[in-house]
Amino acid sequence: MMWDTLVQHSPALIIAIPLLAAFATPLISKVSVRARNIWVILALALTEIFVVILLYQVYNFGTQVYVFGANPYDLTVPVDSRGIPIRIIFVVDAMSIFMAFTAATVALAGAIYSVSCEAEQTGQDKYYSLLLLMTVGMLGMMLTGDLFNFFVFLEINSLASAALVAYRVDRGVAVEAAFKYAIISSLGGLMVLFAIGILYGQYDALNMAMVAYRMQATGFGNLDKIAMALFTVTLAMKAGAIPMHFWVPDGYGKAPGAISAMLVTASQASLYGLFRVNFTVFGLAANTYTLGWFLIILGVLSMFVGVTMALIQHDIKRLMAYHAISQTGYMLLGVGVGLATLGTAAFSQYGFAAMEGGIFHIINHAMYKGLLFLTAGAIIYRVGTSDLDKMGGLGHSMKYTMIFFMIGALAIAGIPPFNGFASKLLIYESVYQFNPILSILAMIVSILTLASFVKVFHSAFMGPKKHDVKEVPVPMLIGMGILTFFIILFGLFPNIAMQYLVAPAASALSDPVGYITRVLGGVVP
Amino acid sequence: MNLDFLTPYGFWNPILWLLVIFVTLLIAYLLWLRGNPKYKKGTDQTQPFLSGYAPESKEAMMVSASNIYWGFTSSLKGYYDFLRKMHTGDVRDYLGWYVGIMAIMLLAYILWGGA
């Protein structure tokens, strides 16, 4: 009975646990630092457990709906609401829970890593509170089925992220990076709110399924086009797509190592929003071919410009930030091809496989880029600089960090048997059938990625010893080890990820009718 | 459980790939064992040969990160000059690009956006 209740309320608990933990963290900090650290890790571990429970539910019983304040908890359209789902509704389909699993895993690894990495810093109570709030923002964006609620969680995510970017201050440089990120995020949030206002004014609803249903019934008008452009371009900017990526090297570069890893999933929350809105809300009414090509062009630009900019960097964090942009391009390319072919025969031939590749790349990227940012943080923690020109010979004394870095670097370059290869292979082969030039470009980008990480490996770990340092503390190694586990697991057994996570996610995302039916049920407003 | 990862053109089996790598490494190791074990460590036999010049110290030979792909970046100088100009660090320019892309998308949808 108790177990059933917990399972039923798991969508709310996934948000409530880190939210409550965030506000209680400063109080527990007053008791003891050790208690605070245990509290934060327990909260995130519990969140991860509920995410896994919900993943099991979605895999076995389909999309889960949770209506806040309703009795029963899944009553989406009350009898006296004139057919409109008026309450805040969480709609957890396979795509949502796939994203939530990714974000919760990286957050847990980041928190464990931070226990040692941030141990000497001041203001740790605020750091952990913000880390938990950032997690709330990400998970909320991924689980909600309500447009205004999405905006609220986007703001929570952005504000917490900006504050964490500024955490180290770094003689004002980190604060400047955070200020830029805050400006970009504020303007982006305002534009998203404007788009929501346009849709609310037309369709008298904030629920995604309801808006999609009414938009399909009335046709795709000029105001819808404006709303779609506002959503698409803003969320692409928040995801770090070129040429709106400028905040990424600033923000990722100056944030603490664990926060850089979490910023990857924070950007992916915006990428998820971009995909969700375009498939579920606009997918039935808009011209998805034009929209798909828009994402493909952004994707190709991001891949190529991102990697070529990374090649000339000598700051390890900025270099990795440019690679994060480049890898986002693969996701935009894969899912963009799926969107461009949606509703045609090509979708079943290769469009769906391209989507699977793009979505698989999301979790792969979160794991290996998260790991790479943690290794960069470990290097900076010991050496005290992020300048590759001043590093060298760390392989003599930081052997575990070097091994973790090698695994992350080989995975991002798409070298088998690590996870990056499996998702890139799907993207190469499916995109080749859509347009061979795009696929060849994607392969060239992978070669340049490898070249760039060879440079980092050579500069940081090879050569004579320049610094007399030792290996990083165990909690930092555990944080890196968690992400490495998934890189190897999804690399050696890609079918596990494909069967339980990726294929259901791609099916759910490409089925807006199923989403709408699940929320509105048999009610025709 | 089927370990073949199906792709649009065929399949990928990482375990099979690992086996092939393992066999290849084993062959390489066996070949290495057949090499000459009688060389003298710490003598000229183990020093790199640079046309008769003595090699410099390891510190002096280490190429810094900024110089590693000098040839590549020099040959693409025009491209990199454009990219560097684009990355001004000025937040007003960041917003300018955002507004520009928004305008392009709206234009694309006005021209080709019919459902």
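Conventions we followed
Residues numbered from 1 in each chain as written. Chains lettered and ligands numbered in written order. Predicted model: local features only at pLDDT ≥ 70, side-chain atom pairs only at ≥ 80, totals over all residues. Heavy atoms only, no water. Helix = DSSP H or I, 4+ residues; strand = E, 2+ residues; numbered from the N terminus. Rg over C-alpha atoms; globule rule 2.2 N^0.38 Å. Contact = heavy atoms within 4.5 Å. Buried area = accessible area lost by both parts, 1.4 Å probe. Salt bridge = Lys/Arg side-chain N within 4 Å of Asp/Glu carboxyl O. Polar contact = N/O pair within 3.5 Å; in protein donor to acceptor, adjacent residues only side chain to side chain. Nonpolar A, V, L, I, M, F, W, Y, C, P; charged D, E, K, R; others polar. Buried < 20%, exposed > 50% of the residue type's maximum accessible area, 1.4 Å probe, protein only. Pairing = 2+ DSSP bridges. Core = buried A, V, L, I, M, F, W, Y, C linked by side-chain atoms within 4.5 Å. Expected span 1.5 Å × (residues − 1). Axes fitted to C-alpha atoms, helices over the stretch in contact; angles between N-to-C directions. Parallel < 35°, antiparallel > 145°, perpendicular 65-115°, else oblique. 1 Å grid on protein atoms, 1.4 Å probe; cavity = no way out; pocket = protein on both sides within 12 Å on 5 of 7 lines; lining within 4 Å. Points joined across faces, edges and corners; volume = space filled by probe spheres on them.

J.: In this structure, what is going on with the overall build of chain B? I would like to understand it.
T.: Along the backbone of chain B there are five helices and two strands. Going from N to C terminus, chain B has its helices and strands arranged as β-β-α-α-α-α-α. On C-alpha atoms alone, chain B measures out to a radius of gyration of 28 Å, which is more than a quarter above the 13 Å that the 2.2 N^0.38 rule sets for 115 residues. Counting only C-alpha atoms, chain B reaches 75 × 55 × 20 Å along its principal axes.

J.: What am I meant to see in the interface of chain B and chain A here?
T.: Put simply, an interface is often sized by how much accessible area is lost when its parts join up. Facing 49 residues of chain B, the contacting portion of chain A comprises 68 residues. Together chain B and chain A conceal approximately 5100 Å² of surface at their shared face, both sides included; 76% is due to carbon and sulfur atoms. Of all residues in chain B, Phe-5, Tyr-98 and Tyr-109 of chain B give up the largest surface area on contact with chain A, accounting jointly for 15% of the area buried on that side. Here chain B and chain A share zero salt bridges between them. Linking chain B with chain A are 15 residue pairs in polar contact (both at pLDDT 80 or more). In terms of residue count, the dominant contributor to the side of chain B that touches chain A is helix α5 (residues 91-112) of chain B (13 residues). The residue makeup of the side of chain B that touches chain A, split by class, is 35 nonpolar, 10 polar and four charged.

J.: Would you mind showing me how to read the pairing of strand β1 (residues 64-67) of chain A here?
T.: Side-chain direction in a regular strand flips from residue to residue, so the side chains alternate between the two faces of the sheet. Residue and element names in this part refer to chain A. Covered by surrounding structure in β1 are Gln-64 and Tyr-66 together with Val-65 and Val-67, the residues of both alternating faces. Note: β1 against strand β2 (residues 89-92), four bridges, orientation antiparallel. Directly across from Val-67, in β2, lies its bridge partner Ile-89.

J.: Would you take a moment to explain the nonpolar core for this structure?
T.: Within soluble globular proteins, side chains that are nonpolar generally end up buried alongside one another. Residues and elements named next belong to chain A. Grouped together as the largest cluster of nonpolar side chains are 233 residues, with contacts concentrated most on Leu-199, Phe-231, Phe-275, Phe-282, Leu-333 and Ile-359. Examining the composition of this core, we find that 21 residues originate from one element, helix α14 (residues 345-383), more than from any other. With residues up to four places along the chain from it excluded, the contact list for Ile-359 reads Met-95, Phe-98, Val-335, Val-502, Ala-505, Ala-506 and Leu-509.

J.: Explain helix α4 (residues 94-117) of chain A here, please?
T.: It helps to recall that an α-helix has 3.6 residues per turn; residues three or four apart then point in one direction. Between its first and last C-alpha atoms α4 of chain A spans 34 Å; for 24 residues at 1.5 Å apiece the expected length is 34 Å, and the two agree. For α4 of chain A, a buried count of 23 out of 24 residues is recorded, marking the element as mostly surrounded by other parts of the structure.

J.: Looking at this structure, I do not really get the pattern of salt bridges. What am I missing?
T.: Pairing is possible between side chains of opposite charge, provided their charged atoms come close. All names here are of chain A. All chains considered together, the criterion is met by nine salt bridges over all chains. Of the charged contacts, one joins Asp-93 and Arg-276 as a salt bridge, the two residues approaching to 2.7 Å between their closest N and O atoms. Within this pair, whereas Asp-93 is found in the loop between β2 and α4, its partner Arg-276 is found in helix α11 (residues 257-281), the two being separated by 183 residues in sequence. Across the pair, exposure class does not vary: Asp-93 and Arg-276 are buried alike. Lys-254 is paired through a salt bridge with Asp-170; the nearest N and O atoms lie 3.1 Å apart. Of this pair, Lys-254 sits in helix α10 (residues 247-254) while Asp-170 sits in the loop between α6 (147-165) and α7 (173-203), placing them 84 residues apart in sequence. Overall, Lys-254 belongs to the partly exposed group, its relative accessible area being 25%.

J.: So what exactly am I meant to see when it comes to the packing of helix α2 (residues 10-31) of chain A against helix α5 (residues 124-143) of chain A here?
T.: For any two helices packed against each other, one specifies the inter-axial angle together with the distance between the axes. All names here are of chain A. The interhelical angle for the contact between α2 and α5, taken along N-to-C directions, is 170°, at an axis separation of 8 Å. By the criterion of interaxial angle, the relationship of α2 to α5 is roughly antiparallel. When α2 is examined against α5, the residues Pro-11, Ile-14, Ile-15, Pro-18, Leu-19, Ala-21, Ala-22, Phe-23, Thr-25, Pro-26 and Ser-29 are found in contact with a partner set consisting of Asp-125, Tyr-128, Ser-129, Leu-132, Leu-133, Val-136, Leu-139, Gly-140 and Leu-143. In terms of residue class, the contact of α2 with α5 is built from 15 nonpolar, four polar and one charged.

J.: Sorry, what's going on with the layout of surface pockets here?
T.: Remark: the empty space left among the atoms is shown by a probe the size of a water molecule rolled over them. The computed volume of the largest pocket comes to approximately 450 Å³. Forming the boundary of the largest pocket are 18 residues, of which Arg-168, Asp-170, Ile-380, Tyr-381 and Gly-384 of chain A lie nearest the centre. For the lining of the largest pocket, the secondary-structure elements that each account for two or more residues are α10 and α14 of chain A. Among the elements that make up the lining of the largest pocket, the one with the highest residue count is α14 of chain A (three residues). Considered class by class, the residues forming the lining of the largest pocket number five nonpolar, seven polar and six charged. By volume, the second largest pocket is sized at about 290 Å³. Residue lining of the second largest pocket: 17 residues in total, with Phe-294, Ile-297, Leu-298 and Leu-301 of chain A together with Ile-104 of chain B positioned closest to the centre.

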